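The primary structure of each chain is shown beneath.
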Amino acid sequence: MDPERVSTADELRRALAELMATKSMSFRQLVSATGMRDVTVRSAVTPGAAGFFRQDTVEALVEALGEPVPPWTVAWERADRDQRGKAGRAPTVAELHYRLEEVTAQLGAVQRRLDQLEHRASVPRANREHPSWTRSAAFGRLAASLPKPDFGSVVWVPRLPEPYAPLSYEPLVPSYWSAEVDELLAAIVDLMRPLSLPDLMVRLASVRLEVVSVMSAEDLKDKDHSVYPCETVDAYLATVRQLIADYFELVYAMEITSGGAGPIVPQAGVDRTGP
């Protein structure tokens, strides 16, 4: 596809995929030539992939493929304007109803947490001074409660091809790339310490994993294509978020019931790591 005919993100992905095929360069060769991560390259050359990619990604890919960069930079700018226009459109009535239901559910959860805090604040002083109410014990329960990250495996199945399109494959169920999930798990283990829990909460709140779309038959043979089901990964991350939130709420309850108003700081010498 001529880059001058590109107007959307998906058209740009298709154009880059066609250019890669025209140059007879494999996915692995392109990753090596650009020096970028395979997930970054995959997002840019896989039609239907979620999200959008940066301008310098396109420029690096085109340069590695031996084509003039400026026309593709202009194509990226058109696709970017289209992407931002879609993001800024007015929501439909159905979308507004869905958001309202989400907000209502969140408010209900907040109210339930407030009720729990009020209950904890009424615990007698004798109970508050019990070892089970110390911060170290609270963190110990958090660490012991972390679920095992056992996500299961996913098989790839042929995708119904478009006319004249090469054979491609897709996961049997919606999935995330295992490499990205494993990287996030490593961060969880590294930050699972009392003083690092706020940073871990921020990381978990902002994480955006890429949903796998399709792979060509060639790439399926040549590269790592292991994935984890979105359902089990999302359930695991939701559990970890909730356990950390419960820990902070319990420590906050200790503060207010003991009359303290200072910052929530783990006890000296306590630096447990995650499992």
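As the structure is a prediction and not an experimental result, all values here were calculated from the model.

Enquirer: Even after reading the chapter, I still don't get the side chain of Ser-175, so can you show me in this structure?
Expert: Within the element layout of this structure, Ser-175 appears in strand 3 (residues 175-177). For Ser-175, a relative accessible area of 0% gives the class buried. A polar atom in the side chain of Ser-175 sits 2.7 Å from the backbone oxygen of Val-173. Discounting chain neighbours no more than four positions away, the residues touching Ser-175 are Val-154, Glu-210, Val-211, Val-212, Val-227, Tyr-228, Pro-229 and Cys-230.

Enquirer: Please clarify how the nonpolar core should be interpreted in this entry.
Expert: Considering soluble globular proteins, one finds that nonpolar side chains tend to be buried as a cluster. Membership of the largest hydrophobic core comes to 29 residues, with the highest contact counts inside it found for Leu-142, Ile-188 and Met-192. Put simply, the parts of the chain that give this core at least two residues each are helix 8 (135-145), helix 9 (178-191), helix 10 (197-206) and helix 12 (230-257). For this core, the element with the most residues is helix 12, which contributes 10 residues.

Enquirer: Sorry, what's going on with helix 10 here?
Expert: Each α-helix winds once per 3.6 residues, and so residues spaced three or four apart point in a common direction. The complete set of buried residues in helix 10 reads Leu-197, Leu-200 and Leu-204. Along the long axis of helix 10, the arc covered by the buried residues comes to 55°, so they all point the same way. Residues of helix 10 that are exposed and point more than 90 degrees away from the buried face comprise Val-202 and Ala-205.

The rules behind the values
- Residues numbered from 1 in each chain as written.
- Predicted model: local features only at pLDDT ≥ 70, side-chain atom pairs only at ≥ 80, totals over all residues.
- Heavy atoms only, no water.
- Helix = DSSP H or I, 4+ residues; strand = E, 2+ residues; numbered from the N terminus.
- Buried < 20%, exposed > 50% of the residue type's maximum accessible area, 1.4 Å probe, protein only.
- Polar contact = N/O pair within 3.5 Å; in protein donor to acceptor, adjacent residues only side chain to side chain.
- Contact = heavy atoms within 4.5 Å.
- Core = buried A, V, L, I, M, F, W, Y, C linked by side-chain atoms within 4.5 Å.
- Arc of directions from axis to C-beta.

Keep in mind these numbers describe shape, not what the thing actually does.
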